[in-house]
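Commentary on secondary and tertiary structure
Residues per chain are reported as follows:
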Amino acid sequence: MINYNNKVFVPLSNSENGEVDLGMQFVYQQTGNIVTSTYTGGRIRSGHLIALVDEEGNLDMRYHQVNDQGEITTGICKSTPEQLPNGKIRMHEKWQWTSGDRSEGESLLEEL
């Protein structure tokens, strides 16, 4: 199992229907197989995620956030890690809104 505790990830790309800004940072905390993060930036005034990590380091995630319009938005995300040659982790994410239009998207995050 990958230990995500205190790892910092930044977005490299996000689908147009996403709210994550490329200037944001996600600092992951992990206890056992539970990963959490609190985040802000761009269109997001306040956000939280919680995930379960499996033996291969995959994250099964739920998130909720308040956007710059004052709306609460929620979603699910499956994140698959890729170990880079420099030892850092790149996360390939497939997500879907569970609020609003329920559209799907993809994101790419990389460890700092």
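Residues numbered from 1 in each chain as written. Predicted model: local features only at pLDDT ≥ 70, side-chain atom pairs only at ≥ 80, totals over all residues. Heavy atoms only, no water.

**Considering the pairing of strand β7 (residues 72-83)**
- In this sheet, β7 lies alongside strand β6 (residues 59-67) in antiparallel orientation, the contact comprising eight bridges. Along β7, the bridge assignment pairs tyrosine 63 with glycine 75.
- Taking the residues between adjacent antiparallel strands as the criterion, β6 and β7 are bridged by four residues, where glycine 70 takes a positive phi near 80°.
- Alignment of β7 against strand β8 (residues 89-97), held across nine bridges, turns out to be antiparallel. Note on β8: the bridge partner recorded for threonine 80 is histidine 92.
- With antiparallel pairing between neighbouring strands as the criterion, β7 and β8 make up a hairpin whose turn holds five residues, including glycine 87 at a positive phi of roughly 90°. (Pairing = 2+ DSSP bridges. Helix = DSSP H or I, 4+ residues; strand = E, 2+ residues; numbered from the N terminus.)

**Some points on the packing of aromatic side chains**
- With the rule as written, the count across this model stands at six aromatic pairs.
- When the ring of phenylalanine 9 is compared with that of tyrosine 28, the centres are 4.9 Å apart and the planes differ by 40°; the resulting orientation is tilted. With a gap of 19 residues between them, phenylalanine 9 in strand β1 (residues 8-14) and tyrosine 28 in the loop between β2 (26-27) and β3 (29-31) connect regions that are remote in the sequence. In terms of burial, phenylalanine 9 and tyrosine 28 fall into one category: buried.
- Judged by centre distance (5.6 Å) and plane angle (70°), the rings of tryptophan 95 and tryptophan 97 are edge-to-face. Here tryptophan 95 matches tryptophan 97 in class, with each residue buried. (Phe/Tyr/Trp six-rings, centres within 6.5 Å; stacked < 30°, edge-to-face > 60°. Buried < 20%, exposed > 50% of the residue type's maximum accessible area, 1.4 Å probe, protein only.)

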